[in-house]
Amino acid sequence: MGAGMEDKVIKQISLFAENKPGRLASVANKLKSAGINIRAFTIAESGDFGIIRMVVDKSDYAHRVLHDAGFTVSETSVLGIEMEDVPGSMSRIAEVFGEANINLDYAYAFVTRDQKALLIVRVNDTQKAIKTLEENNIKLIGMKELEKI
């Protein structure tokens, strides 16, 4: 990744887990006990297993806590895009990515305390996405800012 781009990226925790009752509770309890706050998460089901993707306030610590608890866990670079919480905001982001030929692998979103929407995206070309968003005056949120939300 280019110089200065690291502060524009969020580290997402991805966890591979059996698709059975109580697995999410186990993950959430481990994070709770460690004082880690989950900002957003999504679950993708794939038969007997699922992938829990989450953005937390202390990603490196969360990775260590979950790994030490025996979970299969990894960190992935994603982008946090700040949007107004109004109709059309998602459309603008999708158009900017489409015009730049940037593909979204997946996305999920949440609303912050200050009534902004934060869109978490995994794209096929992170550097190009950062450059394109900045050229279109679209604000990116990095880990330091995420920790304060």
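Residues numbered from 1 in each chain as written. Predicted model: local features only at pLDDT ≥ 70, side-chain atom pairs only at ≥ 80, totals over all residues. Heavy atoms only, no water.

With an unreviewed UniProt entry as reference, the protein chain is termed Acetolactate synthase small subunit, source organism Methanosarcina mazei WWM610.

A. The arrangement of the domain arrangement of the protein chain in detail. Partitioning the protein chain into structural domains gives domain 1 (7-76) and domain 2 (78-143). With centres defined by C-alpha atoms, the gap from domain 1 to domain 2 works out at 22 Å. In this assembly, domain 1 and domain 2 are joined by one salt bridge. With a shortest N-O distance of 3.1 Å, Lys8 and Glu134 are connected by a salt bridge. At the boundary of domain 1 with domain 2, the tally comes to five residue pairs in polar contact (both at pLDDT 80 or more). At the level of secondary structure, the elements contributing two or more residues to the side of domain 1 that touches domain 2 comprise strand S1 (10-18), strand S2 (38-46) and strand S3 (49-56). Considering only residue class, the side of domain 1 that touches domain 2 consists of seven nonpolar, four polar and six charged. (Domains from an automatic or database assignment. Salt bridge = Lys/Arg side-chain N within 4 Å of Asp/Glu carboxyl O. Polar contact = N/O pair within 3.5 Å; in protein donor to acceptor, adjacent residues only side chain to side chain. Helix = DSSP H or I, 4+ residues; strand = E, 2+ residues; numbered from the N terminus. Nonpolar A, V, L, I, M, F, W, Y, C, P; charged D, E, K, R; others polar.)

B. Representation of the pattern of salt bridges within the structure. A full pass over the atoms with the stated rule returns seven salt bridges. Two residues, Lys116 and Glu84, come together in a salt bridge whose shortest N-O distance is 2.4 Å. Here Lys116, found in strand S6 (residues 116-123), pairs with Glu84, found in strand S4 (residues 72-84); they are 32 residues apart in sequence, far enough to count as distant.

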